[in-house]
Amino acid sequence: GDAYRSVVSALTVTNAESRFIEAGTLTPEEFVQAGDQLTFKFPTWQWDSGDQSRRASYLPPDKQFLITRNVPCRDRVRALDEVLKKQIRTEEEWLLPETATGGTVPDSLRDVDDFAEDVGATGIDAEDDFIGSAGQQGSSGLPDFSDLNATLAEEDPACRTSAQAQGGYFVADAPDAHIVKSRSYDLSITYDKYYQTPRLWLFGYNEGGEPLKPDQVYEDVLSEYVAKTVTVDPHPLTGTPTVSIHPCKHAQVMKKVVQDWIQQGIVPRHDLALFVFLKFISGIVPTINYDFT
């Protein structure tokens, strides 16, 4: 478990040689550079120093992990589970939903090797230079979410009128009819020295601001992943028991994306690794609306 890996990591010399292209892993320096890109493009993500006694010596004191707070989660994933129940298969412990339209499952479902095609369709371009294009908001190829709050407000049922005219009378809705009981999450990304990859942590709150229990957090994770890749462990920089997405397969997926870039004649860039990471993690927690990449 994590205790064993922590001991091994403590006794292992930190790898400073990049293996991003051949293995999909990151060195601590590459992780920091990728984090700088993420915080520049999406300021809702910020670096945090964590507890001083828990800081890793191989990372800068003020850049121990990344965090974004109060991320909305309006719906439980249960409804999506029902839709995907008969439309997924397992490939090397990753669940692969088919994307074809219609009610039947095609004979040939998508393999995890095809994930790179999804990344190419999301606006993540290895030729972009987000930090180098400061002040040029439209040049990065990523969408502009400056009006996101207004868009969410327009779509939020809680913002609609509470009375409807019917037959000459105003009929009052039930008191809680249009109240959206929205959870929120603090999401953080740490560097996992053992796997040499990012690792995502989820700490949730109910509509009253009270912390969610692990089994409640599981309600916001696709059920097939709960037993395979979701664990509860002490957060390495806070010590608080927190739900996380286990990083054992992260490098494998990243490597496939890198291979796709190479096939397209694009030089792979490790500083875009966290954009790719968040994109495929969003498939595990699809109703937590953090992913604006």
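Definitions and limits used
- Residues numbered from 1 in each chain as written.
- Predicted model: local features only at pLDDT ≥ 70, side-chain atom pairs only at ≥ 80, totals over all residues.
- Heavy atoms only, no water.
- Helix = DSSP H or I, 4+ residues; strand = E, 2+ residues; numbered from the N terminus.
- Buried < 20%, exposed > 50% of the residue type's maximum accessible area, 1.4 Å probe, protein only.
- Contact = heavy atoms within 4.5 Å.
- Areas by Shrake-Rupley, 256 points an atom, 1.4 Å probe, with all protein chains shown as cover.
- Axes fitted to C-alpha atoms, helices over the stretch in contact; angles between N-to-C directions.
- Left-handed = near helix turned anticlockwise from the far one by under 90°.
- Nonpolar A, V, L, I, M, F, W, Y, C, P; charged D, E, K, R; others polar.
- Polar contact = N/O pair within 3.5 Å; in protein donor to acceptor, adjacent residues only side chain to side chain.
- Phe/Tyr/Trp six-rings, centres within 6.5 Å; stacked < 30°, edge-to-face > 60°.

Asks: What is the right way to look at the overall build of the protein in this model?
Replies: Counting secondary structure elements, the protein contains 10 helices and 10 strands. Here the protein holds 293 residues, and 43% of them are scored as buried. For the protein, the share of sequence-separated contacts (at least 6 apart) that also reach a separation of at least 24 residues comes to 64%. When the accessible surface of the protein is totalled, it reaches about 15400 Å², and 50% of it is carbon and sulfur.

Asks: Help me understand the packing of helix H9 (residues 250-263) against helix H10 (residues 273-281), please; the structure alone is not making it clear to me.
Replies: The contact between H9 and H10 brings their axes to 11 Å, and the two run at 120 degrees. In this structure, H9 crosses over H10, and the sense of that crossing is right-handed. Across the interface between the two elements, His-250, Val-253, Met-254, Val-257 and Trp-261 of H9 pack against Ala-273, Val-276, Phe-277, Phe-280 and Ile-281 of H10. For the contact of H9 with H10, a count of residues per class yields nine nonpolar, one polar and no charged.

Asks: Could you clarify how one ought to interpret the side chain of Asp-192 in this entry?
Replies: Within the element layout of this structure, Asp-192 appears in strand S7 (residues 183-192). At 3.1 Å, the side chain of Asp-192 forms a polar contact with the backbone nitrogen of Tyr-194. If we ignore the near neighbours within four places in the chain, the residues touching Asp-192 are Thr-197, Arg-199 and Pro-247.

Asks: Explain the packing of aromatic side chains here, please?
Replies: Aromatic rings in a pair are described by how distant their centres are and how their planes are angled relative to each other. Applying the stated criterion to the full structure yields seven aromatic pairs. Consider the rings of Phe-203 and Tyr-205, whose centres lie 5.4 Å apart with planes at 65 degrees: the pair is edge-to-face. The exposure class assigned to Phe-203 is partly exposed, which follows from its relative accessible area of 23%.

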